[in-house]
Amino acid sequence: EIGLRILRRVQAPVTLEEIEARREFFEGQAVNAGDIIMASSDPGRVYELIPNLDVFFQGVRFQTNAAGFRDSEFTTEKPPGTIRIAALGDSTTFGWRVEREEIFTEAVERLLNAHSAEPRFEVMNFGVFGYNTAMERDVFFDEVLPRNPDIVWLQFDGNDVDLPNFIKRPENVWRVDRLYLWDFLTSRRFR
């Protein structure tokens, strides 16, 4: 029983606090998802991308701006003669497994500016992988609105109504109301 409890603890998902306690800065190296996020001061957002990163993630170069988004720096003040579009979403907007210039927000900005001398278009990417609609709402109020967008683009996926499933509370493996030996034996019996 004690061995199974220890094994369960080792295999349990890590919490944001555990990720932050063991994080090292991996400038220019390949990293995992836990290495590029940090706990958010906003409990509604849960986690955020670490600002000013320059690493390799999912086989592509991954950089974040000072605000912690996968985009160029953008100012609070909208540049004159500019139509500003803010894109909110999760992994698709974030650009999961694609180079930054291949993210749809970059492609839309290039396309709009290629066919318009005036005004200029600025498409700001506020996507963060794993975010749901409630988290995107907090990004909208905290990050998007202060930058005065003319258009807000919300990318929605079917998992946006769920909680972020890869951030979980640590399980108390020492609780006395559960027997891991019983779980182990019954799981083997029905195979």
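In what follows, the structure referred to is the one given above.
Conventions adopted
- Residues numbered from 1 in each chain as written.
- Predicted model: local features only at pLDDT ≥ 70, side-chain atom pairs only at ≥ 80, totals over all residues.
- Heavy atoms only, no water.
- Buried < 20%, exposed > 50% of the residue type's maximum accessible area, 1.4 Å probe, protein only.
- Helix = DSSP H or I, 4+ residues; strand = E, 2+ residues; numbered from the N terminus.
- Arc of directions from axis to C-beta.
- Contact = heavy atoms within 4.5 Å.
- Polar contact = N/O pair within 3.5 Å; in protein donor to acceptor, adjacent residues only side chain to side chain.
- Pairing = 2+ DSSP bridges.
- Axes fitted to C-alpha atoms, helices over the stretch in contact; angles between N-to-C directions.
- Salt bridge = Lys/Arg side-chain N within 4 Å of Asp/Glu carboxyl O.

Student: Hey, could you go over helix α4 (residues 104-114) for me, with residue numbers and the actual values?
Tutor: Taken residue by residue, α4 has Thr105, Glu106 and Asn113 as its buried positions. Here the buried residues of α4 occupy an arc of 100 degrees about the axis, which is enough to place them on one side. Along α4, exposed side chains directed more than 90 degrees from the buried face belong to Leu111 and Ala114. In this fold, the buried residues of α4 make contact with β6 (82-88), α3 (91-94) and β7 (120-125).

Student: Could you give an account of the environment of Asp54, naming the residues involved and the relevant values?
Tutor: Mapped onto the elements, Asp54 comes out in strand β4 (residues 54-57). Asp54 gets classed as buried once you look at its relative accessible area, which sits at 18%. Residues Asp54 and Gln29 lie 25 residues apart in sequence; the distance between their C-alpha atoms is 8.4 Å. Side chain to side chain, Asp54 and Arg61 meet in a polar contact 2.7 Å long.

Student: Describe the sheet that holds β7, naming the residues involved and giving the relevant values.
Tutor: Ordered in space as β7-β6-β8, the three strands form an open sheet in which the pairing is parallel. Pairing within the sheet leaves two strands with one partner each, and these edge strands are β7 and β8 (151-154). Each strand of the sheet is rotated relative to its neighbour by a mean of 20 degrees, with strand direction disregarded. For β6 and β7, the ladder comprises six bridges, and the chain directions are parallel. Across the sheet, the residue bridging to Thr82 is Arg120, located in β7. With respect to the sheet, α4 is in contact with β6, β7 and β8, its orientation differing from that of β7 by roughly 175 degrees.

Student: If you had to explain unusual backbone geometry to someone new, which residues and values would you point to?
Tutor: Residues Glu118 and Pro119 are joined by a peptide bond in cis, for which omega reads -10 degrees. With respect to the element layout, Pro119 can be found in the loop between α4 and β7. Its identity is not glycine, yet Val46 carries a phi of approximately 65 degrees, on the positive side. Of note, Val46 is situated in the loop between β2 (37-39) and β3 (47-49). Even without glycine at this site, Asn52 takes up a positive phi of about 55 degrees. Turning to its location among the elements, Asn52 is positioned in the loop between β3 and β4. In this structure Asn52 comes out as partly exposed when scored by relative accessible area, which is 46%.

Student: Explain the pattern of salt bridges residue by residue, including any values.
Tutor: Applying the stated rule across the entire model yields 12 salt bridges. The residue Asp183 makes a salt bridge to Arg178 at a minimum N-O spacing of 2.6 Å. On the basis of relative accessibility, which here comes to 27%, the residue Asp183 falls in the partly exposed class. The class of Arg178 is partly exposed, set by a relative accessible area of 23%. Each of Arg45, Glu48, Asp142, Glu143 and Arg147 takes part in a single network of salt bridges with overlapping partners.

The quantities given are spatial measurements derived from coordinates; they are silent on function.
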